[in-house]
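These are the residues of each chain, in order.
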Amino acid sequence: QVQLVESGGGLVQPGGSLRLSCAASGSIFSIYTMGWYRQAPGKQRELVAVIRGISNTNYADSVKGRFTISRDNAKNTLYLQMNSLNSEDTAVYFCHLESILGEYWGQGTQVTVSS
């Protein structure tokens, strides 16, 4: 089994920045991808960013140029640096991991962008 614990969410003003972290523990091996998803009230969960290996990344068009996904294998931690935040980024952000064992989700962390 794999456990994912997100942190770093909170309230931020428009134009501000936040960095989310996702600490992974358990049976961490043969990872295919790690990524961040988000779900706003009344909307479906959507992909924000995904990383394969160390540097193979993909982003949703809505966050390209503003968000950066990265991972530290030594710390088993996934990050999402979010800059130039706006109200449309308000959502619960979930960490996701896919490995040979299956798919795993964190519990989510709330990000609220408001003045």
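Residues numbered from 1 in each chain as written. Predicted model: local features only at pLDDT ≥ 70, side-chain atom pairs only at ≥ 80, totals over all residues. Heavy atoms only, no water.

Attention now goes to the side chain of R66. Residue position: R66 is located in the loop between β6 (56-59) and β7 (67-72). Separated by 2.9 Å, the side chain of R66 and the backbone oxygen of S62 make a polar contact. Apart from the residues within four sequence positions on either side, R66 is in contact with Q81, M82, N83, S84, L85, N86 and D89. (Helix = DSSP H or I, 4+ residues; strand = E, 2+ residues; numbered from the N terminus. Polar contact = N/O pair within 3.5 Å; in protein donor to acceptor, adjacent residues only side chain to side chain. Contact = heavy atoms within 4.5 Å.)

To continue, consider the side chain of E6. Within the secondary structure, E6 is located in strand β1 (residues 2-7). R45 is the oppositely charged side chain nearest to the buried, salt-bridge-free E6, at an N-O distance of 7.6 Å. In terms of polar contacts, E6 uses its side chain to reach the backbone amide nitrogen of C95, at 2.7 Å. In terms of polar contacts, E6 uses its side chain to reach the backbone amide nitrogen of G108, at 2.9 Å. For E6, the residues in contact, after removing those within four places along its chain, are S21, C22, W36, Y93, F94, C95, G106, Q107, G108 and T109. (Buried < 20%, exposed > 50% of the residue type's maximum accessible area, 1.4 Å probe, protein only. Lys, Arg positive; Asp, Glu negative; His and termini not counted. Salt bridge = Lys/Arg side-chain N within 4 Å of Asp/Glu carboxyl O.)

The side-chain alternation of β1 yields one buried face, formed by V2, L4 and E6, and one unburied face, formed by Q3, V5 and S7. For β1 and strand β3 (residues 18-26), the ladder comprises 6 bridges, and the chain directions are antiparallel. Looking at β3, one finds that V2 is bridged to G26. (Pairing = 2+ DSSP bridges.)

Interpretation in functional terms is not warranted from these geometric data alone.
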